[in-house]
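Below, each chain spelled out in residue letters.
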Amino acid sequence: MAKDMKTPPLVIFGLDGGDAGFIQKWAQEGYLPTIASIMQRGCGGQIGGPELMSTHGAWLSCFSGVSRSEHGYYYNRQLMPGTYDLGNFTARDAHVMPFWSHLLGGSKKVAIIDALEAEPLPGLPGVQLANWAVQQQYNTAIVPPSAEPASLLNDVHRHVGSPIHIDVFKPNSSFREDLAAHRLMLKRIEEKGALCRRLLAQDRCDLAVITFVEAHTAAHRLWDYRPEGIRHTDATSEGCNLSTAIRDVYQAIDREMGLLLKQLPDESNTFIISLFGMKDLYPTTGLIEAFCWQLEYQVPSHGVLDSLNPLTLLRRTFGPDVRARMSRFLPRRLQMRLETDRFRTETNWAKTKAFSIPALNTSFVRVNLRGREPQGIIEPGPEYECLLNQIEADLRQLVDVRSGKPAVERVIRTAEAFRCGPPSVLPDLSVEWKSTPYFMDRVRHPKVELVQSRPQYNRSSYHTFSGFVAAAGPSIRAGGDLGEVSPLDFAPTFLFLMGEPFSQRLTERCMNQLIHHPSLNSRANTMAG
């Protein structure tokens, strides 16, 4: 197919944090008519696989078609390669381009609005707006909006005003504060929809990518107000009901997507994508740290030079519980600085076999591998594999003291999942803990008991590592069940549907299940570069 040949418009709605269980239940019950219509007219499926080992970098993989084993983005603070230092990491540091970069130099026009983990690309026909109504991380600097053309930002400010900021987590928030946050979510969704309709009305659009993040924000901020939540008794206080607050947010997003689709051509190919859902889970940072220390994978440093470090001396003066309470009064940036210093200086790297990389809920374990880490002691090959087997076996023996059930849901071995050798950037193991509606403070191993203190950032919900997709349109097979697809399937699929060459081969199963016209399948081979 020739470049820029006329193809049906492609519309992609990102439903960040949209839980597949919620979506399917509420669509069936009639609360989400837009999504239900897409599901009935087209096809749907689940999104899964090792690319979803972390939410960070998942949208980057989806929009670029580049595996996280290549782009290396898995958390907002990562181990810097070749060091024992922690550093901030964003999608920008991955140096990977979204699939719409292939449209540069052509005539196809885009409307890219709040596409996650993607920045505006200069020279692309159409409009691009980033970081306008997105979820900002707790107690960190707010990333300012940006746009292409740059004048668009002034235009949006003039017609809409300033972006609405909503705290995704507010420690010890009151019912009134949460109710106000809920109202802000609904207001922002409505404003976002109106803004998108206004931008789409200005010109034709061959590609529209629009992301709503409020389902994600609502699930974290209002999780405990669900009927099964611990704050449900507050949900109907003062005459207001927050027990349906999360569903209200989904309904508002569904309504705006419906209004947008009415404005777009009927022949559009439309996708609704969510890369993860939500579940009960409190932070587990202290558990994986205790696991590595107490089972002697990670060895503490007690050297003379280390003991002269004032921060180290201060930490040794107070126990973990006291330090956890004290840290709640410190600015987040200072907490991060202290954590980085502790990570680097309190470990005897010359004797450490493996160590945990600090993270909130999903746990990351890295082997102190010779030739990869500055003072690595584990040899690549059989010794490396043997150690991973031992760590996995120990993780699977962990039991939640409160429930008496296994504490770990699954362990992903990076080299095996991504079919590569020891990763240069990614952790060697990713640990997903069992979902619990309470803070799992004690975990028992046959040799030791692991205890963790409550951190300041102690929200009760976290992500499931499975997503949802529904698609409909003239090029989409009706009634198809896609089964489980990978985030990496989407970028080449989108390019194919737009008549653009792509460098990655589509999976035969995804193509056969998704594309309506069988004759289109044969073109994939000739279009793949």
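Residues numbered from 1 in each chain as written. Predicted model: local features only at pLDDT ≥ 70, side-chain atom pairs only at ≥ 80, totals over all residues. Heavy atoms only, no water.

## Examining the side chain of Q298
Right, on to step 1. Within the secondary structure, Q298 sits in the loop between α9 (285-294) and α10 (304-307).
Right, on to step 2. What makes Q298 buried here is its relative accessible area of 4%.
Right, on to step 3. In contact with Q298, other than residues within four places in its own chain, are C292, W293, T347, T352, A354, F355 and S356. (Helix = DSSP H or I, 4+ residues; strand = E, 2+ residues; numbered from the N terminus. Buried < 20%, exposed > 50% of the residue type's maximum accessible area, 1.4 Å probe, protein only. Contact = heavy atoms within 4.5 Å.)

## What to know about the environment of H216
Right, on to step 1. Among the secondary structure elements, H216 is positioned in helix α7 (residues 214-221).
Right, on to step 2. Under the relative-accessibility criterion, H216 is labelled buried at 8%.
Right, on to step 3. In this structure, H216 is in contact with D16, G17, Q135, F276, M278 and H463, ignoring residues within four places of it in sequence.
Right, on to step 4. Within polar-contact distance, the side chain of H216 engages the side chain of H463 at 3.1 Å. (Polar contact = N/O pair within 3.5 Å; in protein donor to acceptor, adjacent residues only side chain to side chain.)

## A look at helix α14 (residues 382-396)
Right, on to step 1. Look at α14: 21 Å from first C-alpha to last across 15 residues, which is about the 21 Å you get at 1.5 Å a residue.
Right, on to step 2. Among the residues of α14, those classed as buried are Y384, L387, L388, I391, E392, D394 and L395. Down the axis of α14, the buried set is contained in an arc of 160°. They therefore lie on one face.
Right, on to step 3. For α14, the elements touching its buried residues are α9, β11 (354-357), β12 (363-367), β14 (408-413), α15 (414-417) and β15 (429-433). (Expected span 1.5 Å × (residues − 1). Arc of directions from axis to C-beta.)

## Considering the confidence of the model for the chain
Right, on to step 1. Looking at the chain as a whole, its pLDDT mean stands at 88, while 85% of the residues score no less than 70.
Right, on to step 2. Segment residues 304-308 is flagged for pLDDT under 50; beyond a separation of four residues in sequence, or across chains, it makes eight contacts in the model.
Right, on to step 3. The model gives residues 521-529 a pLDDT under 50, and that stretch makes 19 contacts with residues more than four places away or in other chains. (pLDDT = per-residue confidence, 0-100.)

## As for the packing of helix α6 (residues 175-200) against α7
Right, on to step 1. Remark: α6 packs on α7, axes separated minimally by 11 Å, with the N-to-C direction vectors making an angle of 175°. As far as their axial angle goes, α7 and α6 are roughly antiparallel. Every residue of α7 that contacts α6 at E177, D178, A181, M185, R188 and I189 is listed here: E214, T217, A218 and R221.
Right, on to step 2. Tallied by class, the residues present in the contact of α6 with α7 amount to four nonpolar, one polar and five charged. (Axes fitted to C-alpha atoms, helices over the stretch in contact; angles between N-to-C directions. Parallel < 35°, antiparallel > 145°, perpendicular 65-115°, else oblique. Nonpolar A, V, L, I, M, F, W, Y, C, P; charged D, E, K, R; others polar.)

## With respect to the sheet that holds strand β6 (residues 126-130)
Right, on to step 1. Read across the sheet, nine strands follow the order β7-β6-β5-β8-β1-β9-β19-β2-β20 without closing on themselves; strand pairing throughout is mixed. Strands at the two margins of the open sheet, each flanked by one partner only, are β7 (146-148) and β20 (481-485). Direction aside, neighbouring strands of the sheet carry axes that sit 10° apart on average.
Right, on to step 2. Examined bridge by bridge, strand β2 (residues 43-47) and strand β19 (residues 467-472) share five bridges and lie antiparallel to one another. For I47, the partnering residue across the bridge sits in β19 and is G467. (Pairing = 2+ DSSP bridges.)

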